[in-house]
Amino acid sequence: DGAWCYTTNPDQRWDYCGVPKCTGTTCWSGLQKDYRGPLQTTASGKKCQKWTEQYPHSHSRTEANYPNTGLGDHNRCRNPDNEPDGAWCYTTNPDQRWDYCGVPKCTGATCWSGLQKDYRGPLQTTASGKKCQKWTEQYPHSHSRTEANYPNTGLGDHNRCRNPDNEPDGAWCYTTDSNTRWEYCGVPKCAPSE
């Protein structure tokens, strides 16, 4: 299933990293029923529950009940039942049953050029999988990157990746990990035109 690493979670020795695989497709249209990518976390950064497991959330979305929809013995985001906003998964968080995954939708733009200052997508995790801190919050990292200080740069009461201050490698966010102040988000960059 690709790249993996040891985790800092004492209850989980290792996990896949969710490094995107080159499939020729960088976005998915419509309900994303054809999405078969490796994404295993929701847009809010929660880990997906395996489709074959019934804990912490019991459900009827199984391969037997929804054949040919990409379900199986994995925890990758899918859309077996035509949810209107695309691929989703049950979460391993007992307090949140399910969530959308933020799989990129085809909107005309599948990549962002330059500093990605115009990126307004839904990505809420860094390239290494850390959850983004809300721009309106000052914990765990206090900062000056606020909507008042950086107007018209896409900041607000959300934790989506942005680039308000012209970081050279594109969209980024502060993380909810107190040991990692900020990271880039890995928003796809457009190949330079020749």
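Attention in this report is confined to the structure presented alongside it. Per chain, the residues get numbers from 1 upward, laid out in the order the sequence is written. Predicted model: local features are reported for residues with pLDDT of at least 70 only, side-chain atom pairs are reported and counted for 80 or more only, and whole-chain, interface and lining totals are derived from all residues. By convention in this description, side-chain values take in all heavy atoms of the structure and omit both hydrogens and water.

### What about the overall build of the protein chain?
The criterion, for reference: Numbered from the N terminus, helices here are DSSP runs of H or I no shorter than four residues, and strands are runs of E no shorter than two. Burial here depends on accessible area, computed with a 1.4 Å probe over protein chains only, as a share of the maximum for the residue type. Under 20% is buried, over 50% is exposed, and the range in between is partly exposed. Using a 1.4 Å probe, the Shrake-Rupley method yields the accessible areas, and only the shown protein chains count as cover for residues.
Check the secondary structure of the protein chain and you find zero helices and six strands. Listed by position from the N terminus, the elements making up the protein chain come as β-β-β-β-β-β. The buried share among the 194 residues of the protein chain stands at 38%. Carbon and sulfur atoms provide 49% of the accessible area of the protein chain, an area that totals close to 11,000 Å².

### Topic: the packing of aromatic side chains
The following threshold applies: Paired rings are identified among Phe, Tyr and Trp, the last through its six-membered ring, by centres lying within 6.5 Å, and are further divided according to the angle between planes into stacked (under 30 degrees), edge-to-face (over 60) and tilted (the rest).
Taken as a whole and assessed by the stated rule, the structure comprises ten aromatic pairs. Between Trp51 and Trp88, the aromatic rings sit 5.2 Å apart at their centres with planes inclined by 80°, giving edge-to-face as the arrangement. Remark: Trp88 occurs in strand S3 (residues 88-90) and Trp51 occurs in the loop between strand S2 (14-16) and S3; sequence separation between them is 37 residues. Residue class for Trp51 comes out buried when judged on its relative accessible area of 3%. An angle of 80° between the planes, with centres 4.9 Å apart, marks the rings of Trp172 and Tyr174 as edge-to-face.

### Observations regarding the environment of Tyr100
Which entries qualify depends on this criterion: Contacts: residue pairs with any heavy atoms within 4.5 Å of one another.
Counting through the fold element by element, Tyr100 comes out in strand S4 (residues 98-100). Owing to a relative accessible area of 19%, Tyr100 belongs among the buried residues under this scheme. Non-local contacts of Tyr100, meaning those with residues more than four positions away in its chain, are made with Thr42, Ala43, Glu83, Pro84, Asp85, Gly86, Ala87 and Trp88.

### Let's talk about the nonpolar core
Formally: In this description, a nonpolar core means a group of buried Ala, Val, Leu, Ile, Met, Phe, Trp, Tyr and Cys residues linked to one another through side-chain atoms lying within 4.5 Å.
One finds Tyr35, Trp51, Cys77, Cys89, Cys101 and Val103 to be the most contacted residues of the largest nonpolar core, which totals 13 residues. Here this core takes three residues from S3, the largest share from any one element. For Val103, the contacting residues outside a window of four places in its chain are Trp28, Gln32, Tyr35, Leu39 and Ala87. Counting residues in each nonpolar core, the second largest holds twelve residues, with Trp135, Cys173, Tyr174 and Cys185 among its members.

### Notes on the state of the cysteines
Rule in force here: Whenever a pair of cysteine sulfur atoms sits within 2.5 Å, that pair is classed as a disulfide.
As enumerated under the stated definition, the model contains four disulfides in all. The disulfide partner of Cys77 is Cys101, and the S-S distance across this bridge is 2.1 Å. When the S-S torsion is -90°, as for the bridge of Cys77 with Cys101, the disulfide is left-handed. Note that Cys77 is positioned in the loop between S2 and S3 and Cys101 in the loop between S4 and strand S5 (172-174), a separation of 24 residues in sequence. Assessed through its relative accessible area of 0%, Cys77 is described here as buried. Residue Cys161 pairs covalently with Cys185 via a disulfide, S to S 2.1 Å. Looking along the S-S bond of the Cys161-Cys185 disulfide, the torsion reads about -90°, which is the left-handed sense. Pair noted here: Cys161 is in the loop between S4 and S5 and Cys185 is in the segment after strand S6 (182-184), with a separation of 24 residues, a long-range link.

### Notes on unusual backbone geometry
Cis rather than trans, the peptide bond between Tyr55 and Pro56 has omega equal to 5°. Looking at the element boundaries, Pro56 is found in the loop between S2 and S3. We note that Asn82 has phi near 65°; this positive angle belongs to a residue other than glycine. Tracing the sequence through the fold places Asn82 in the loop between S2 and S3. Residue Gln116 is not a glycine yet carries a positive backbone phi of 60°.

### Concerning the side chain of His59
Test applied: Nitrogen and oxygen atoms within 3.5 Å of one another constitute a polar contact, given that in protein one can donate a hydrogen and the other can accept it, and given that sequence-neighbouring residues count only through two side-chain atoms.
Examined against the element boundaries, His59 turns out to sit in the loop between S2 and S3. His59 gets classed as buried once you look at its relative accessible area, which sits at 11%. At 3.4 Å, the side chain of His59 forms a polar contact with the backbone oxygen of Trp51. For His59, the side chain forms a polar contact with the main-chain nitrogen of Arg61, separated by 3.1 Å. Excluding residues within four positions of it along the chain, His59 makes contact with Gln49, Lys50, Trp51, Glu53, Gln54, Tyr90 and Arg97.

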